[in-house]
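Listed below, chain by chain, are the residues.
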Amino acid sequence: MTTYDERASLADLTTTAGRVHRSVEGVIEGKPEVVRLALTVLLAEGHLLIEDVPGVGKTMLAKALARSIDCSVRRIQFTPDLLPSDITGVSVYDQQRQDFEFKPGAIFAQIVIGDEINRASPKTQSALLESMEERQVTMDGQTYHLPSPFMVVATQNPVEMEGTYPLPEAQRDRFMARVSIGYPSPAAELRMLDVHGGASPLDGLRPVAHAHEIVKLTEAVRTVHVAEAVRRYAVDLVAATRSHPDLRLGASPRATLHLLRAAKAAAAMSGREFALPDDVQSLAVAVLAHRLLPTAQAQLNRRTAEQVVLEIVRRTPVPDPSAPRSRQPDRGQQPPGARGL
């Protein structure tokens, strides 16, 4: 049973998340769903990949989120000549001490902004693997732990752009979610001209939450209850990607874990102490699509991973937590009242 202290933490979560949301939305015009997803990933202790064409505000979103929280922030500009040691750090020999001293790299911050991550070589990109998964850096046999909270917010241009490298599968799998900002509506673009025309809105942005608050809120997210039926539903969605004829690589078990964590964060931001199938559905595309690899035939037919995930969501029966497993509809049937995205 949820205690009073846990309920208070969830109440604090909705209040603090609302402040951060309003702060970021003041910079990113007309994209509330994108801002909400970024907050969901932060509270779920994940990492966010922002992919879109140049000029739509990818870096602005990452900076606005970082500046809205009073914590350490580092930015890494990924270029073809960037070295792995520029990210993780390097051991330097100290003549006076006659010993090696570790000089931390840019990854040692609470929020790390990786700008245009796919412009660096795969070797340099791989320097992030240990940090993103285990929240630590190992150098010369020594392990250095990263601060908490820790989040990587990376931006990338579409692979079709010049001078880009595709992210390795292991790298993409470590991002909890991928989001595309898209072009603003004409009304939002007009407001942007008024707000951004004279000066950058980032100049007046002040922190509205502290790092220690975010740590407490992530602990509150962990207390959100997920019924067995909802857990089975998440497993069914991910398992369907592994046998879909249009995919040559399905989602990993890590994807299932990320989907469940994100659903718990979404439920907490809605003020609920329990996750619903709707939370899983609403996050399925953002959490799963970037991990999937379509077959060559699917690419010829212009079938995207997002379309495949939407199809899987429509076909997978939505569970009824009160119904026993044996009474669940067959996978090929759409149960009455099933909800799609």
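Residues numbered from 1 in each chain as written. Predicted model: local features only at pLDDT ≥ 70, side-chain atom pairs only at ≥ 80, totals over all residues. Heavy atoms only, no water.

Draft legend 1. Examining the pairing of strand 8 (residues 142–145) more closely. With 4 bridges joining them, strand 7 (residues 136–139) and strand 8 adopt antiparallel strand pairing. Bridge pairing links glutamine 136 to histidine 145 in strand 8. Linking two consecutive strands that pair antiparallel, namely strand 7 and strand 8, is a turn of 2 residues; a positive phi of about 55 degrees is found at aspartate 140 within it. (Pairing = 2+ DSSP bridges. Helix = DSSP H or I, 4+ residues; strand = E, 2+ residues; numbered from the N terminus.)

Draft legend 2. Representation of the side chain of asparagine 157 in the model. Among the structural elements, asparagine 157 can be located in the loop between strand 9 (151–156) and helix 7 (169–173). The buried category is assigned to asparagine 157, whose relative accessible area is 1%. Looking at asparagine 157, its side chain comes within polar contact range of the side chain of glutamate 116, at 2.9 Å. With near-sequence residues (within four places) excluded, asparagine 157 lies in contact with Asp52, Val53, Pro54, Lys58, Glu116, Asn118, Arg119 and Thr164. (Buried < 20%, exposed > 50% of the residue type's maximum accessible area, 1.4 Å probe, protein only. Polar contact = N/O pair within 3.5 Å; in protein donor to acceptor, adjacent residues only side chain to side chain. Contact = heavy atoms within 4.5 Å.)

Draft legend 3. Geometry of the packing of aromatic side chains. Applying the stated criterion across every chain yields a total of 3 aromatic pairs. Plain terms: the ring middles of phenylalanine 102 and phenylalanine 108 are 5.8 Å apart, the flat faces sit at 65 degrees to each other, and that makes the pair edge-to-face. For the residue pair phenylalanine 102 and phenylalanine 108, the accessibility class agrees, reading buried in each case. The interplanar angle of 10 degrees and the centroid separation of 4.1 Å between the aromatic rings of phenylalanine 102 and tyrosine 144 together place this pair among those described as stacked. Of this pair, phenylalanine 102 sits in strand 5 (residues 99–104) while tyrosine 144 sits in strand 8, and the two are 42 residues apart along the sequence. In textbook terms, an aromatic cluster arises when at least three aromatic residues are bridged by ring pairs, as seen for Phe102, Phe108 and Tyr144. (Phe/Tyr/Trp six-rings, centres within 6.5 Å; stacked < 30°, edge-to-face > 60°.)

Draft legend 4. Quick look at the side chain of threonine 59. Topologically, threonine 59 is positioned in helix 3 (residues 58–67). A distance of 2.7 Å separates polar atoms of two side chains, one belonging to threonine 59 and the other to aspartate 115. Dropping the residues within four chain positions of it, threonine 59 is found in contact with Arg75, Asp115 and Thr155.

Draft legend 5. Seen up close, the packing of helix 10 (residues 228–242) against helix 11 (residues 253–269). Relative to each other, helix 10 and helix 11 sit at 145 degrees, their axes nearing to 10 Å. For the pair helix 10 and helix 11, the crossing hand works out as right-handed. On helix 11, the residues that touch Arg231, Ala234, Val235, Val238 and Arg242 of helix 10 are Pro253, Thr256, Leu259 and Leu260. Taken together, the residues that form the contact of helix 10 with helix 11 break down as 6 nonpolar, 1 polar and 2 charged. (Axes fitted to C-alpha atoms, helices over the stretch in contact; angles between N-to-C directions. Left-handed = near helix turned anticlockwise from the far one by under 90°. Nonpolar A, V, L, I, M, F, W, Y, C, P; charged D, E, K, R; others polar.)

Draft legend 6. Here's a closer look at the pattern of salt bridges. On inspection of all chains with the given rule, the structure shows 16 salt bridges. Linking arginine 222 and glutamate 45 is a salt bridge whose minimum nitrogen-to-oxygen distance equals 2.8 Å. Of this pair, arginine 222 sits in helix 9 (residues 211–222) while glutamate 45 is found in the loop between helix 2 (32–43) and strand 1 (48–51), placing the two residues 177 residues apart along the sequence. The closest approach of N and O atoms between glutamate 306 and arginine 178, which form a salt bridge, is 2.4 Å. In this pair, glutamate 306 is assigned in helix 14 (residues 305–315) and arginine 178 in strand 10 (residues 177–179), connecting sequence segments 128 residues apart. Accessibility expressed as a relative area gives 28% for glutamate 306, which makes it partly exposed. (Salt bridge = Lys/Arg side-chain N within 4 Å of Asp/Glu carboxyl O.)

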